[in-house]
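The residues making up each chain are set out below.
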Amino acid sequence: MWKEKVRGKVEELFAKAGVSFGGNAAWDIQVKDDRLFEKIFSNGSLGLGEAYMNGWFECGRFDETVRRLLDKGIEKASKTWGNFFLYLESIILNRQSRRRAFVIGERHYDLGNDLFELMLDKEMVYSCAYWKNANTLDEAQENKMDLICRKLDLQPGMKVLDIGCGWGGLARHAAREYGAEVFGISVSKEQLALAGERSKELKVKYELMDYRDVKDNFDSILSVGQMEHVGYKNYRTYMEIVYKSLKDKGLFLLHTIGSNSSNKVTDRWIEKYIFPNSHLPSAAQIAKASENLFVLEDLHNFGPDYDKTLMAWYNNFEKGWNLIQKKYGERFRRMWEFYLLSCAGAFRSRKIQLWQFVFSKGDREEIYQAVR
């Protein structure tokens, strides 16, 4: 009786988004194990993700399933006690403290360079591409790197800090195309090992370092995909460190995924399996953290481009999976699919955004000319 009641509740909830169990639409869910319903009922998005990893259901277009669920706000109706405990932990603890700074590197970015080489573009840029006038992922990522360099008005000889430099694609672009001298920092040993190999002929240096340990001064600072790992308790500290490290008349570009609302926790499944200690900032939280430090010169939202980027990564992953499947295994494949497709659906629903902020210290005499 209880199982039938739970199943009915879940089916009723999903039906509000036009998603059925056993239907013919590409976004409908095909049940392989009836434990799926209690898993979703008890654990919300965490249960849905774990059920997918377990092979308890299949779906032709799961990205569209997620988009439809989020469009109707179904995630708000499936809050569980687990969300409450994660919220309490986030309130009580600094989950992105200096002591925990390298956890994300060890658990995500150090998974294996072979995985990321397979999935990403030729320069291994692991952030939203810019698809304006681009037909391929390689073109779109080169567009994004060039967009950032132009927004910062990089000139030959400029000293640039790249916080969260990844595998060094943007640092190399700034050095090669604009003559900049770049210092890149990351909390991932695997990223920096490959970045160093690829940058030997350029004026680029890398170091395994938490942003709180930056001491030098720079003409320009860029932060791409880093703010998502800073945490709301540290946003002001982050901005203060950037402010102290940026020379007068310099520009700071902040590229980050953003939330439409000011929350203190992230999605439980993403937190557990993909990005531990992560948090998506809101525009209000970023503005508050920069108050009385920076002047906001420009704000650019191209969130829909992340949907397209994620689907390109997903297609690359699917095409090349056979090359790495023995190392990672079937459960990992399903986990990674769920990650890429659910994030694509979230951007498609416009529940999350991709922002580029350009800040100055307010001492620039000329008017900042926005670049698109």
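Residues numbered from 1 in each chain as written. Predicted model: local features only at pLDDT ≥ 70, side-chain atom pairs only at ≥ 80, totals over all residues. Heavy atoms only, no water.

Quick look at the domain arrangement of the protein now. As far as domains go, the protein holds domain 1 (1-79) and domain 2 (98-360). Each of domain 1 and domain 2 has a C-alpha centre, and these two points are 31 Å apart. Listed by partner, the interface residues are 20 residues for domain 1 and 19 residues for domain 2. When domain 1 packs against domain 2, close to 1,800 Å² is buried across both sides, 57% of that on carbon and sulfur atoms. Taken as a group, Tyr-52, Met-53 and Asp-63 account for 36% of the area that domain 1 buries against domain 2, more than any other trio of residues on that side. At the surface where domain 1 touches domain 2, the tally comes to four salt bridges. We note a salt bridge from Arg-334 to Glu-58, for which the minimum N-O separation is 3.0 Å. Within the residue set of the side of domain 1 that touches domain 2, elements represented by two or more residues are helix 2 (35-53), strand 2 (57-58) and helix 3 (62-71). The element best represented in the side of domain 1 that touches domain 2 is helix 2, accounting for eight residues. Among the residues making up the side of domain 1 that touches domain 2, the classes are represented as eight nonpolar, five polar and seven charged. (Domains from an automatic or database assignment. Contact = heavy atoms within 4.5 Å. Buried area = accessible area lost by both parts, 1.4 Å probe. Salt bridge = Lys/Arg side-chain N within 4 Å of Asp/Glu carboxyl O. Helix = DSSP H or I, 4+ residues; strand = E, 2+ residues; numbered from the N terminus. Nonpolar A, V, L, I, M, F, W, Y, C, P; charged D, E, K, R; others polar.)

What follows concerns the pattern of salt bridges. Applying the stated criterion across every chain, the model contains 30 salt bridges. With a closest N to O distance of 3.2 Å, Asp-114 and Lys-327 form a salt bridge. In this pair, Asp-114 sits in helix 6 (residues 113-119) while Lys-327 sits in helix 14 (residues 325-328), placing the two residues 213 residues apart along the sequence. On the accessibility criterion, Asp-114 (28% relative accessible area) is partly exposed. A single salt-bridge network, built from bridges that share partners, covers Arg-61, Asp-63, Glu-64, Arg-67, Arg-68, Asp-71, Asp-307 and Arg-348. (Buried < 20%, exposed > 50% of the residue type's maximum accessible area, 1.4 Å probe, protein only.)

Side chains on a regular strand alternate between the two faces of the sheet. Across the six residues of strand 4 (residues 181-186), five count as buried, placing the element largely inside the fold. Of the strand pairs in this sheet, strand 3 (residues 159-163) and strand 4 are connected by five bridges, and their pairing is parallel. Looking at the pairing, Leu-161 lines up with Phe-183 of strand 4. In this fold, the crossover linking strand 3 to strand 4 by way of helix 8 (residues 169-178) has right-handed handedness. Looking at chain direction, strand 4 and strand 5 (residues 204-208) are connected through five bridges and run parallel. Bridged to Phe-183 within strand 5 is Lys-205. The β-α-β motif built from strand 4, the intervening helix 9 (residues 189-198) and the parallel element strand 5 has right-handed crossover chirality. (Pairing = 2+ DSSP bridges. Right-handed = clockwise from strand over helix to strand, strands pointing away.)

So, on to the UniProt feature "active site" (unreviewed entry) in the protein. Taken from the UniProt record, the annotation "active site" (unreviewed entry) applies to Cys-343. Here Cys-343 shows up in helix 15 (residues 330-348). Ignoring sequence-local partners within four residues, the contact set of Cys-343 consists of Ile-270 and Leu-310. (UniProt positions renumbered as here; feature names shortened; annotations may be inferred.)

Here we come to the environment of Phe-357. As for its placement among the helices and strands, Phe-357 is situated in strand 9 (residues 352-360). With a relative accessible area of 3%, Phe-357 lands in the buried category. Remark: the alpha-carbon pair of Phe-357 and Asn-263, spanning 94 residues in sequence, is separated by 20 Å.

Attention now goes to the packing of helix 7 (residues 137-151) against helix 8. Axis angle and axis distance: for two packed helices, these are the angle between their axes and the distance between the axes, and together they describe the pair. In the contact formed by helix 7 and helix 8, the axes pass within 10 Å of each other and the chain directions differ by 65 degrees. Along this stretch, helix 7 crosses helix 8, giving a crossing that reads as right-handed. When helix 7 is examined against helix 8, the residues Glu-142, Met-145, Asp-146, Ile-148, Cys-149 and Arg-150 are found in contact with a partner set consisting of Gly-169, Leu-170, His-173, Ala-174 and Tyr-178. By residue class, the composition of the contact of helix 7 with helix 8 is six nonpolar, two polar and three charged. (Axes fitted to C-alpha atoms, helices over the stretch in contact; angles between N-to-C directions. Left-handed = near helix turned anticlockwise from the far one by under 90°.)

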